[in-house]
Amino acid sequence: MSIRRNRVAYAVVTALTGAGFAAATPGIAVAQEATAERIEEVLVTAQRRTQSLQDVPIAIQVVDGTLIKDVAAENLGDLNGFVPGLVISDGSPTQPRYAIRGIQTGDFGVGTDPAVGVYVDGIYAARSGASLLAFNDVERIEVLKGPQGTLFGRNSAAGAISIVTHQPDDEFHSLLRVRFGEYGKQYYEGMLNTPIGDSLALRINGVYNKSDGWLDDTATGQNLMPEKNWAGRVALRWELSDETSATLSWDHDDLDQLARPAIGIIPVATGQTQIPYPADPATFIDPRKAPVYNDVVGNEESRQLDQVNLFIDHTFGSVDFRSSTSWRQFNTVNREDEDGTNLIATYFDTANIEDNRSFYQEFKFSGRTDRIDWVGGVSYYKEKADQISDTHTFTDGIDTLGTNLGIWDRLGIPFPLYAGTSAFLEPFAVSLLGLPWREAMVNRGDFEAYAAFGDVIWHVNDRTNLTFGLRYTHDTKKFTWINGAHETPELDQLVAGLEQAGFFEEFPIPVEAYRFSDIVFTADTPAGGLTDKDSWDDVSPRLVLDYKINPNVMVFGSLAKGYKAGGYNSVEVASQFENEDVWNVETGIKSVIPDAGVVLNASVYYYIYDNKQAITLDDASGDIPRYLIDTSDEEAWGIDVDAQWRPVDQFTLYANVAYIDAKYKDKTTLGDDPLDLSGEPTGEPYLSAALGASYEWALGGAGGLQLSGRYAYRGKSRCNADSERQGDCALQSVFEVGEDTQRLDMRLAWTSMNDAFGLAAYVTNVLDDQYVTGINNLTTNTFGTPFASISEPRMWGVEATVSF
């Protein structure tokens, strides 16, 4: 047995380096008749029907309750790094970003859609603003890598994240979990599942989470990066008959906390009133050690969400039918700092305000015969989205912009307009400084989508399956931009009073100079707004061939297409872009060595991404930076490996590895200083990996003890000529953006013999590695105030659970 295990160990190690398929095969072949006592079958619904993970010819990583507990995850953002190939940016919970295999969509607002679809119990979370929700009674998460256009539909061009929750059942269960930790951490979770008579079952779950935050405002001492949210879920299942059941659920999610701070990397001394311009990289300070100033007026990040789902299942003999109906409503506010100082002369904040209502209906049929396993259906989606993109500064900031960008010189004004005028008016106790200046772009969207899909698995023989799927989608979008003049009521009132008093008849600056146009949203629209309407059609196929070498080894090859509907840039009036397509070809292996406790899955893929739309910051013109939409074609090839080894019942090893070589196939940046990036890397690192281990000690009547560790690694970003301009890659004298990162989490848990009681202690980021995750240059070329974001420090906590 020891010789065989050494052979298996060698196979796993070599496979993880991308060279082990041939070495692993002999070890697999001898295990055909072995038992599978140490390998638990994992069931998934990745192909819209329940199947064993090992029978699904798709690259999938399943996040189960074990991983969620090991890293103390409370939402998808806490899993970042532990699913290689998936990147989740959650610095702003109401504006997260998702990427799979290097594909993501920049945030253009409600006029566009993501490239990674997030689904909860099969229902699409249309907007990213309501996709990063609290984990509430989650059973598992299936991360599907590669285009899922046929099975999941629109806006899953890069892949899909499918969250599956626990459903009501016929037995009584209850759970209470309490967690306390560093930085004032408090987390409470409660669950009750109970049958009601013979045909009803009720399941109620709720979570509450808060923490003080791990940063402090240097000037005020206020806690920053706090957490405060709660969520609830009620689900009722009704067995109407042996053939029919219905499940009605209501979900609520409430977030109410401060928005993320901007950590300035320009030094600010006590008593300083202005920032040197232009910004000098030689003076940048390390944001991990920098003072933090957060002076946002009305600082807020909040969300209220309500969702009602109704699932009706009925069996017509050999055909299963499911109706999925969902109504969803949410609103969000995210007002955050954009300058990283506490100086009124450089004050700038932005606010994203959304109100969204959506309805989804799907009818799905499925069935199985000796030769055919099929699923098909139709769906309808309707959404109404309202968004306000707000910017705020003061007249002091307008003076700074006018000076830095030469506006006053171009207008022939010999001094900063508002400061100079205020100095002249000082004897009269009148000042034009300190007055608010607001500009806002208002958007309204009405969206509809229809789809019909079918997917058939033909069992050619006992070993071979041929799958063909097809989805037709029709998207219609109506979109409106409304942008009027900037709002400065206090300033307008003072200027009008001065004009009425005859001040400008003697003052050398004419009154018209105080009424110049917008500085951020410069394109005006008609009073009722500018509206555009368009539609897009798509056919997304998939073709898969899989073959079982033996009962424990399957190889497969696939061709699949992903689709993302066209749309609009919320902050660029009259901008429209076409749909995006991803074609992906993939081959892989799924294998089990039961007697050795090994699961080894791997795949190799190549994709072409046509007409990818991205939002980029054009700050090369020396004027007000603009967010522009540019188009590119990308290509990539890569390898995904998912392995687990359980040599004995008490000990388990995990390994997930992703390698990718992603480049621009064709791209030239927009703006006044265009760059040809064709052939250059997109920024995605070559390698990311997640490793894990757990060991259990049986304590007899005293229960059991488990020690687990999870390690995540992401390689160095592959920079291109535009990366530093966007703040994704930068090597400064005191810090680096895009360096390779690592994180180690550990957990020690005790459970009683009957699993009724549990105690645990955990540490996240054990090594206390903090990284600069990006530089934001939104205000660099205007106020001279670049700022940065950093990753979380080490945190510890303790947990207690009671369940019956």
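Everything here concerns the structure above.
No experiment lies behind these values; they were computed from the predicted model shown.

Draft legend 1. Expanded view of the pairing of strand β33 (residues 704–714). As paired elements, strand β32 (residues 687–698) and β33 share 11 bridges and run antiparallel to each other. Paired with Gly692 across the bridge in β33 is Arg710. Hairpin remark: β32 followed by β33, antiparallel, with 5 residues in the connecting loop; positive phi at Gly700, about 65°. Looking at chain direction, β33 and strand β36 (residues 741–751) are connected through 11 bridges and run antiparallel. Paired with Ala712 across the strands is Arg743, a residue of β36.

Draft legend 2. Here's a closer look at empty space enclosed by the protein. Under the counting rule described, the total for this entry stands at 7 cavities of 30 Å³ or more. Reported here for the largest cavity is a volume of approximately 340 Å³. In terms of lining residues, the largest cavity is bounded by 27 residues, among which Val120, Leu133, Ala134, Thr165 and Asp251 are the most central. Mapped onto the lining of the largest cavity, the elements with two or more residues apiece are β6 (116–120), β7 (123–124), β9 (159–165), β15 (227–239), β16 (244–257) and β18 (300–316). Considering every element that reaches the lining of the largest cavity, the biggest residue donor is β16, with 4 residues. When grouped by side-chain class, the residues that make up the lining of the largest cavity number 14 nonpolar, 8 polar and 5 charged.

Draft legend 3. Main features of the sheet that holds strand β3 (residues 60–64). Spatially, the 5 strands line up as an open sheet ordered β3-β8-β9-β6-β7, and their pairing is mixed. Only two strands of the sheet have a single neighbouring strand rather than two, namely β3 and β7. Of the pairings in the sheet, the one linking β6 to β9 comprises 5 bridges and is parallel in character. Within β9, the position partnered with Val120 by the bridge is Ile163.

Draft legend 4. View of the packing of helix α4 (residues 395–404) against helix α6 (residues 417–425). Here α4 crosses α6 at 120°, and the two axes come no closer than 7 Å. With respect to their mutual orientation, α4 and α6 come out oblique. Across the interface between the two elements, Thr395, Ile398 and Asp399 of α4 pack against Leu417, Tyr418 and Ala419 of α6. Class assignment of the residues belonging to the contact of α4 with α6 gives a composition of 4 nonpolar, 1 polar and 1 charged.

Draft legend 5. Highlighting α6. If you check which residues of α6 are buried, you get Leu417, Tyr418, Gly420, Thr421, Ser422 and Leu425. Next to the buried residues of α6 lie α4, α5 (407–411), β22 (436–459), α7 (489–500) and α8 (503–506).

Draft legend 6. The environment of Thr522, seen in detail. Mapping Thr522 onto the fold places it in the loop between α8 and β24 (530–550). Classification of Thr522 as exposed rests on a relative accessible area of 58%. Remark: the alpha-carbon pair of Thr522 and His486, spanning 36 residues in sequence, is separated by 9.7 Å.

How each quantity is defined
Residues numbered from 1 in each chain as written. Predicted model: local features only at pLDDT ≥ 70, side-chain atom pairs only at ≥ 80, totals over all residues. Heavy atoms only, no water. Pairing = 2+ DSSP bridges. Helix = DSSP H or I, 4+ residues; strand = E, 2+ residues; numbered from the N terminus. 1 Å grid on protein atoms, 1.4 Å probe; cavity = no way out; pocket = protein on both sides within 12 Å on 5 of 7 lines; lining within 4 Å. Points joined across faces, edges and corners; volume = space filled by probe spheres on them. Nonpolar A, V, L, I, M, F, W, Y, C, P; charged D, E, K, R; others polar. Axes fitted to C-alpha atoms, helices over the stretch in contact; angles between N-to-C directions. Parallel < 35°, antiparallel > 145°, perpendicular 65-115°, else oblique. Contact = heavy atoms within 4.5 Å. Buried < 20%, exposed > 50% of the residue type's maximum accessible area, 1.4 Å probe, protein only.

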